[in-house]
Amino acid sequence: MQAPTSGLRFLVAESEPPEAREKRRDSVGRSSGETYVEILGRLAPGAFCQRVMPADADSTLPEGESLGGYDAVFLSGSPLSLYEDTPEVRRSLAFMGALFASGTPSFGSCAGLQMATVAAGGTVRRNRNGPEAGFARRIVATDAGRSHPMLKGRPGAYDAPSIHTDEVETLPGGATLLALNRSTVVQAAEIRHDGGTFWGVQYHPEIGLDEVTGALRRQADDLIESGLARNRREVEEQADLVEALHREPGRRDLAWRLGLDDQVADEGNRQVEIANFIEALSIPMRNARR
């Protein structure tokens, strides 16, 4: 990254319910929010980063903090379905509404994109093509996306880690579609609402291939039910290949068997949207406050 990142103030909003949080920790050693904190520490050395769980009943911001006091807020993935009227969903949407109103720029992946969509007046539904599991394939930028700073460095078509069963159905007013593929209507978007700016993706630039492996194994029954695998052995075989590529990302034979290239195997390429967001929105926000 060109500009210095010391002094940046980040908040990670993790909407995984407690049971999902623990299941993920048991699987890959960290919750979705903890993954973001770890990645931000690498992409923005010297940044100050805190975490909040907006779906939890007892969730509050860290003492003495306000949403307007951060240079960026990052919204993690979550198993919440944003079209369900549950206390967890209502709390998460209230948080997102307050975040838009604060004017602090935000970035979200998977459920983070869906949360911003619904809070701004759009809609989310069950993915009409079934789960997009493991990797989103052949993501293509729209005309607006090709010149948008979030996708700077991405080729004309690319793959990315992805695990989701819901998708954005309609974007709200004030949104710009940036990327899509044949599986999912909205793969990337910018949403401007109530004075706030959100950049988001349906895929997961923040997760490593070990986390893809964990997600495949956790969701094996769903993958079989949806027809993506015939039995648990096939899920395990796929997960084993992904895990092996995680251990040895330079192995071309594994990338070939999985149909992947360096857009997924290379960590820097995987995380480009987050790095672009920090450079384009977070650093200017910090500089404007000095």
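Residues numbered from 1 in each chain as written. Predicted model: local features only at pLDDT ≥ 70, side-chain atom pairs only at ≥ 80, totals over all residues. Heavy atoms only, no water.

Enquirer: Is there a simple way to think about the overall build of the protein in this case?
Expert: Secondary structure assignment for the protein yields twelve helices and eleven strands. Relative to the 2.2 N^0.38 estimate, which gives 19 Å for 290 residues, the radius of gyration of the protein is 18 Å and therefore close to what a compact globule would have. Viewed in the frame of its principal axes, the protein has a C-alpha envelope of about 55 × 45 × 35 Å. Out of the 290 residues in the protein, the part that is buried amounts to 52%. Within the structure as shown, the protein displays about 12,300 Å² of accessible surface, and the carbon and sulfur contribution to it stands at 48%. For the protein, the distance from the average site of its 33 positive side-chain charges to the average site of its 42 negative ones is 3 Å. (Helix = DSSP H or I, 4+ residues; strand = E, 2+ residues; numbered from the N terminus. Rg over C-alpha atoms; globule rule 2.2 N^0.38 Å. Buried < 20%, exposed > 50% of the residue type's maximum accessible area, 1.4 Å probe, protein only. Areas by Shrake-Rupley, 256 points an atom, 1.4 Å probe, with all protein chains shown as cover. Lys, Arg positive; Asp, Glu negative; His and termini not counted. Charge placed at Lys NZ, Arg CZ, Asp CG, Glu CD.)

Enquirer: How should the sheet that holds strand E9 (residues 175-180) be read in this particular structure?
Expert: Within a sheet, neighbouring strands are paired by backbone hydrogen bonds and run either parallel or antiparallel to one another. In space, the nine strands of this open sheet follow the order E2-E1-E3-E4-E11-E10-E9-E6-E7, with mixed pairing throughout. With partners counted over all chains shown, the strands left at the sheet margins are strand E2 (48-52) and strand E7 (157-164), one partner each. Averaged over all adjacent pairs, the angle separating strand axes in this sheet is 25°, with direction ignored. The pairing of E9 with strand E10 (residues 188-193) spans four bridges and is classified as antiparallel. Looking across to E10, one finds that Thr 176 is bridged to Glu 190. (Pairing = 2+ DSSP bridges. Axes fitted to C-alpha atoms, helices over the stretch in contact; angles between N-to-C directions.)

Enquirer: Before we go on, may I ask you to explain the pattern of salt bridges in this structure?
Expert: Close approach of charged atoms lets side chains of opposite charge pair. Applying the stated rule across the entire model yields 32 salt bridges. The residue Arg 51 makes a salt bridge to Glu 34 at a minimum N-O spacing of 3.4 Å. One end of the pair, Arg 51, is in strand E2; the other, Glu 34, is in helix H2 (residues 32-43), and 17 residues separate them in sequence. Overall, the relative accessible area of 28% leaves Arg 51 in the partly exposed class. Residues Arg 251 and Glu 248 are paired through a salt bridge, measuring 3.4 Å at the closest nitrogen-oxygen approach. (Salt bridge = Lys/Arg side-chain N within 4 Å of Asp/Glu carboxyl O.)

Enquirer: What is the right way to read the packing of helix H3 (residues 87-102) against helix H4 (residues 111-119) from this model?
Expert: Helix-helix packing: each pair is described by the crossing angle between the helix axes and the interaxial distance. Contact pair H3 / H4: the axes reach a minimum separation of 9 Å and the direction vectors enclose 75°. Comparing their axes, H4 and H3 come out roughly perpendicular. Between H3, through Ser 92, Leu 93, Met 96, Gly 97 and Phe 100, and H4, the contact on the second element is made entirely by Met 115, Ala 116, Val 118 and Ala 119. Its residues assigned to classes, the contact of H3 with H4 shows seven nonpolar, two polar and no charged. (Parallel < 35°, antiparallel > 145°, perpendicular 65-115°, else oblique. Contact = heavy atoms within 4.5 Å. Nonpolar A, V, L, I, M, F, W, Y, C, P; charged D, E, K, R; others polar.)

Enquirer: Would you explain the nonpolar core in this entry?
Expert: Counting residues in hydrophobic clusters, the biggest one holds 29 residues, and the most contacted among them are Phe 10, Phe 74, Phe 107, Met 150, Leu 151, Ile 274 and Ile 278. Every element with two or more residues in this core is listed here: strand E1 (9-13), H2, strand E3 (72-75), strand E6 (132-141), E7, E9, strand E11 (196-201) and helix H12 (272-289). For this core, the element with the highest residue contribution is H12, accounting for five residues. For Met 150, the residues in contact, after removing those within four places along its chain, are Phe 107, Leu 178, Ala 188, Ala 189, Trp 199, Gly 200, Val 201, Val 272, Glu 273 and Asn 276. (Core = buried A, V, L, I, M, F, W, Y, C linked by side-chain atoms within 4.5 Å.)

Enquirer: Can you walk me through H4 in this structure?
Expert: Residue pairs spaced three or four apart in an α-helix point in one direction, given the helix's 3.6 residues per turn. Taking burial as the measure, the nine residues of H4 include seven buried ones, the bulk of the element. Taken together, the buried positions of H4 are Ala 111, Gly 112, Leu 113, Gln 114, Met 115, Ala 116 and Thr 117.

Enquirer: Looking at this model, I keep getting lost on unusual backbone geometry. Mind explaining?
Expert: Negative phi is the rule for most residues except glycine; trans is the rule for most peptide bonds. Residue Arg 138 is not a glycine yet carries a positive backbone phi of 50°. Note that Arg 138 resides in strand E6. On the basis of relative accessible area, Arg 138 is assigned to the exposed category, the value being 61%. Despite not being glycine, Asp 194 shows a phi value in the positive range, around 50°. One can find Asp 194 in the loop between E10 and E11.

Enquirer: I keep staring at the pairing of E7 and nothing clicks. Help me out?
Expert: Walk down a regular strand and you will see the side chains alternate between the two sheet faces. In terms of burial, E7 is largely enclosed, as seven of its eight residues are buried. One ladder, built from seven bridges, connects E6 with E7; its direction is antiparallel. Residue pairing for E7: Ala 133 is matched across the bridge by Ile 163.

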